[in-house]
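# Overview (structure and organization)
Listed below are the residues making up each chain.
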Number of protein chains: 2
Amino acid sequence: MSRVHLAPSAARKGVRSAKPALPLDVILKGDCVAAMEQLPEKSVDMIFADPPYNLQLEGALHRPDQSKVDACDDHWDQFGSFAHYDAFTRAWLLAARRVLKPNGTIWVIGSYHNIFRVGASLQDLGYWILNDVVWRKTNPMPNFRGRRFQNAHETMIWASRDQKAKGYTFNYESMKAANDDVQMRSDWLFPICNGGERLKDEDGAKVHPTQKPEALLARVLMSASKPGDVVLDPFFGTGTTGAVARRLGRHFIGIEREQAYIDAATARIDAVEPHDGKSLTLVAGKRAQPRVAFLSLIEAGLLEPGTELTDPKRRWTATVQADGSLCEGGEQASIHRTGARVQGLDACNGWTFWHFDDAGTLKPIDALRQIVRDRMAAAGG
Amino acid sequence: MSRVHLAPSAARKGVRSAKPALPLDVILKGDCVAAMEQLPEKSVDMIFADPPYNLQLEGALHRPDQSKVDACDDHWDQFGSFAHYDAFTRAWLLAARRVLKPNGTIWVIGSYHNIFRVGASLQDLGYWILNDVVWRKTNPMPNFRGRRFQNAHETMIWASRDQKAKGYTFNYESMKAANDDVQMRSDWLFPICNGGERLKDEDGAKVHPTQKPEALLARVLMSASKPGDVVLDPFFGTGTTGAVARRLGRHFIGIEREQAYIDAATARIDAVEPHDGKSLTLVAGKRAQPRVAFLSLIEAGLLEPGTELTDPKRRWTATVQADGSLCEGGEQASIHRTGARVQGLDACNGWTFWHFDDAGTLKPIDALRQIVRDRMAAAGG
DNA sequence: TGTCGCACTGAATCGATAT
DNA sequence: GATATCGATTCAGTGCGAC
């Protein structure tokens, strides 16, 4: 196993006499289980892991414009069966648990393909789940075939080493302060990693298929670690964990098998300018006006299916359907499409066009949307 | 096992001759595994399950070998109780899978305490996960001790019976129309069940500790079932699933052990006023409409053989043949194959690609298909 | 230099029917 | 059951070039 030392200044100042054998601010090349077994036990404060998701993709997927989706079909994501994946998962979780300090915590991110197996293995091995945290994506990939809900989130599990470990780090007050003085919730809103943050090679191709956004890691590290802590990432990839750790004054240990990822991570982390802890601010992550589905008005009981809606001049009438569409002249479509159709226009804002009768006066359904927005406001975007 | 019949009018009109043994709109009293084993196999369209996750509610804590677990101190005892929960989970998921139609789907809701075990068991038993859907609570209970993030969501898993089952119900067009004409995402925002909806006893105490909001069930049923479908809830509780099913024109089968819950559910469901059937129709996407052969347009006189068709940018031209094919560059094939070939693509929707000249403006031949469909509908299908 | 339009992209378990 | 054909389907954003 070879070591790639990084960020020498950070490494120098961070060497701890109590744990002389623990390499800091380095990337260890090799298999993560073998690498973790070489580390001293009970030595790291936090583990962040983004393991392979075990996606089981059959054929190619095309967008409606017939372009091909660049799938994550890398060899490291191929497992023969759930049993193989479980064995892999237990092995690295076990090695991770040995390395973790008694009061340390672990974060694992995944999707529905793998997260249930990861969560069950965590529990089986004695970890104690503290929260599951949902990363809601502001800009997820659509479901191109229209056969499912848009897969708009991923799940992180946050767990302590065991049930009785009560001294784990959780910066409750700073999370609350960063969240308009209310408790930080278990659902976080962040964009996916793209634009200038996304690492590209000379050809403009993405270096790593699943690079995570730094904002996500920043909240993880800010909420559940302290300055000077050691954060281990056994699936280091292109080093988002390392870059954020260095920026936030934490030490990192990365483990990665692919030299190309190590090279990219090395350059990336070396370019990071560490901040002092005081200048750190959290991304609020709220959006100006969260979307409210017309269906929500019906689900909330503000509109009954069968209700008749009209335009302000009562020229047209349409019936509210239980599925959140409008029915007019035998045709059934959204509030917007129906409003456009009756007027013979290409587009229409159904929220302001359609009105309901409130004790003799016409009011736009937008007023009901505002009621829903007010009720939902506490939850943020 | 006793049966409590409910909503007699709905039950009468809903009896299906094809499945005489399937009780509809009833609550079956007893253990859900035993009750499901009494139902005919492959008989229900959807299952919604809100299983208990508090291990204490599962009776005395026993390992699978029936040895008693005296304390949950170390992680092996944890594993023992998790194994017990897994056995319980597998038992009811297996019985549920037998009752489910081949194209049926199951929804299971849970929190981080149990959802990972449920999800892994679903996968182990052959279910195929379609989405995990996050219920974001507008008004979750705070974390009183300030040691964790506010637990502000629960997770639902939506799965088909098998990987191969592609014909499951998903009302994609309804959901999209109901959500400002963009796809419905996997994160849903709803308030928790309180206020007038929350069932209380004479003393003002909650009848059931985990009553789910009707709005949540309404979106589940509206997105993934059709009017007239049979929805089974093996952990019926106070009957949210039944109440919403009745309101939305779906049949329900509830299974519940506690008489107090059955009594509350019975009264609650009897008081539900079903929506008018006309307001329950779903948005009909193209997939739901009858297929029309391109030849039919020619036979109907809407297109003359010899007519020239072009793409929207007039880059290519093809000639309509009398046999319902297109001719371009000396080659003759279907509208789809020809469109794909001229663009150098694998696939193409000829209906939207090819246009005809209507007094100077290009219109897609899909418009002519709609005329044929309208005529077919007017003629009574 | 500002605006507009077009091309491109992201952890994706993404048919149905007739022969 | 396997094969062939029909034909249905995308959101939020970045970046570049045209004008």
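Cut-offs used in this document
- Residues numbered from 1 in each chain as written.
- Chains lettered and ligands numbered in written order.
- Predicted model: local features only at pLDDT ≥ 70, side-chain atom pairs only at ≥ 80, totals over all residues.
- Heavy atoms only, no water.
- UniProt positions renumbered as here; feature names shortened; annotations may be inferred.
- Helix = DSSP H or I, 4+ residues; strand = E, 2+ residues; numbered from the N terminus.
- Buried < 20%, exposed > 50% of the residue type's maximum accessible area, 1.4 Å probe, protein only.
- Contact = heavy atoms within 4.5 Å.
- Areas by Shrake-Rupley, 256 points an atom, 1.4 Å probe, with all protein chains shown as cover.
- Lys, Arg positive; Asp, Glu negative; His and termini not counted.
- Charge placed at Lys NZ, Arg CZ, Asp CG, Glu CD.
- Buried area = accessible area lost by both parts, 1.4 Å probe.
- Salt bridge = Lys/Arg side-chain N within 4 Å of Asp/Glu carboxyl O.
- Polar contact = N/O pair within 3.5 Å; in protein donor to acceptor, adjacent residues only side chain to side chain.
- Near = heavy atom within 4 Å.
- Nonpolar A, V, L, I, M, F, W, Y, C, P; charged D, E, K, R; others polar.
- Phe/Tyr/Trp six-rings, centres within 6.5 Å; stacked < 30°, edge-to-face > 60°.
- Lys NZ or Arg CZ within 6 Å of the ring centre and 35° of its normal.
- Axes fitted to C-alpha atoms, helices over the stretch in contact; angles between N-to-C directions.
- Parallel < 35°, antiparallel > 145°, perpendicular 65-115°, else oblique.
- Left-handed = near helix turned anticlockwise from the far one by under 90°.

The name given to chain A in an unreviewed UniProt entry is Methyltransferase, with the source organism recorded as Oceaniradius stylonematis. If you open the UniProt record of chain A and go to Catalytic activity (unreviewed entry), you find "a 2'-deoxyadenosine in DNA + S-adenosyl-L-methionine = an N(6)-methyl-2'-deoxyadenosine in DNA + S-adenosyl-L-homocysteine + H(+)".

### Structural notes on the overall build of chain A
A tally of helices and strands in chain A yields 12 helices and 15 strands. Among the 381 residues that make up chain A, the fraction classed as buried is 55%. Sequence separation of 24 or more characterises 68% of the internal contacts of chain A that already satisfy a separation of 6 or more. Taken as a whole, chain A presents about 16200 Å² of accessible surface, with 50% of it coming from carbon and sulfur. Of the charged side chains in chain A, 48 are positive and 46 negative, and the gap between their average positions amounts to 4 Å.

### Side note on the interface of chain A and chain B
Between chain A and chain B, the residue contacts involve 86 residues of the former and 79 residues of the latter. The largest share of the area that chain A buries against chain B comes from Phe116, Arg147 and Phe149 of chain A, three residues that together contribute 13% of it. The tally of links from chain A across to chain B stands at six salt bridges. Among the ionic pairs, Arg219 of chain B bridges to Glu299 of chain A, the shortest N-O distance being 2.8 Å. Where chain A meets chain B, there are 49 residue pairs in polar contact (both at pLDDT 80 or more).

### Thoughts on the environment of Ala35 of chain A
In this fold, Ala35 of chain A is placed in helix H2 (residues 32-38). Each C-alpha atom of the pair Ala35 of chain A and Thr361 of chain A lies 72 Å from the other, and the pair is 326 residues apart in sequence.

### Overview of the pattern of salt bridges
Enumeration over the complete set of coordinates arrives at 40 salt bridges over all chains. A salt bridge links Asp124 of chain B to Arg90 of chain B; the nearest nitrogen and oxygen atoms lie 3.9 Å apart. Within this pair, whereas Asp124 of chain B is found in helix H4 (residues 115-124), its partner Arg90 of chain B is found in helix H3 (residues 75-99), the two being separated by 34 residues in sequence. Residue class for Asp124 of chain B comes out partly exposed when judged on its relative accessible area of 40%. Between Asp366 of chain B and Lys286 of chain B there is a salt bridge, with its nearest N and O atoms 2.9 Å apart. With Asp366 of chain B in helix H12 (residues 365-378) and Lys286 of chain B in the loop between helix H8 (259-270) and helix H9 (294-299), the pair connects residues that are 80 residues apart, well separated along the chain. A relative accessible area of 46% places Lys286 of chain B in the partly exposed class. Three or more residues joined by partner-sharing salt bridges are found here, namely Asp86 and Arg117 of chain A together with Arg90 and Asp124 of chain B.

### Some words on helix H4 (residues 115-124) of chain A
Side chains of residues three or four places apart in an α-helix project in the same direction, reflecting 3.6 residues per turn. All names here are of chain A. Burial analysis of H4 places 10 of its 10 residues in the buried class, the great majority of the element. Listing the buried residues of H4 in full gives Ile115, Phe116, Arg117, Val118, Gly119, Ala120, Ser121, Leu122, Gln123 and Asp124. Gly126 lies just past H4 and shows a positive phi near 100°.

### Focus: the protein's contact with DNA strand C
All names here are of chain A. In the vicinity of DNA strand C lie 41 residues, with Arg63, Tyr112, Asn143, Arg145 and Arg147 positioned nearest. Sugar and phosphate atoms represent 47% of those atoms of DNA strand C found within 4 Å of the protein. A distance of 3.4 Å is found between a base nitrogen of DNA strand C and a backbone nitrogen or oxygen belonging to Leu61. Pro209 places a polar main-chain atom, nitrogen or oxygen, 3.0 Å from a phosphate oxygen of DNA strand C. In terms of residue class, the surface near DNA strand C is built from 19 nonpolar, 10 polar and 12 charged.

### Describing the protein's contact with DNA strand D
Residues and elements named next belong to chain B. Near DNA strand D there are 31 residues, and of these Tyr172, Lys176, Gln183, His336 and Arg369 occur at the shortest range. In the model, a phosphate oxygen of DNA strand D is placed 2.9 Å from a nitrogen or oxygen of the Gln183 main chain. With three residues, helix H5 (residues 172-177) is the single largest residue contributor to the surface near DNA strand D. For the surface near DNA strand D, the per-class residue count stands at 10 nonpolar, 11 polar and 10 charged.

### Looking at the packing of aromatic side chains
One pass over the full model with this rule turns up 37 aromatic pairs over all chains. Here Trp188 of chain B and Phe190 of chain B contribute two aromatic rings whose centre-to-centre distance is 6.4 Å and whose plane-to-plane angle is 85°, an arrangement assigned as edge-to-face. Through a chain of ring-to-ring contacts, the aromatic side chains of Trp107, Trp158, Tyr168, Phe170, Tyr172, Trp188 and Phe190 of chain A together with Phe149 of chain B assemble into a single cluster. Residue placement shows Lys137 of chain A over the ring face of Trp135 of chain A; its charged tip is 5.0 Å from the ring centre.

### Digging into the packing of helix H6 (residues 214-224) of chain A against helix H7 (residues 240-247) of chain A
Residues and elements named next belong to chain A. Relative to each other, H6 and H7 sit at 55°, their axes nearing to 9 Å. Taken together, the axes of H6 and H7 are oblique relative to one another. The crossing of H6 and H7 is right-handed. From H6, Glu214, Leu217, Ala218 and Leu221 reach across to H7, where they touch Thr240, Thr241, Ala243, Val244, Ala245 and Arg247. Of the residues belonging to the contact of H6 with H7, the class tally is six nonpolar, two polar and two charged.

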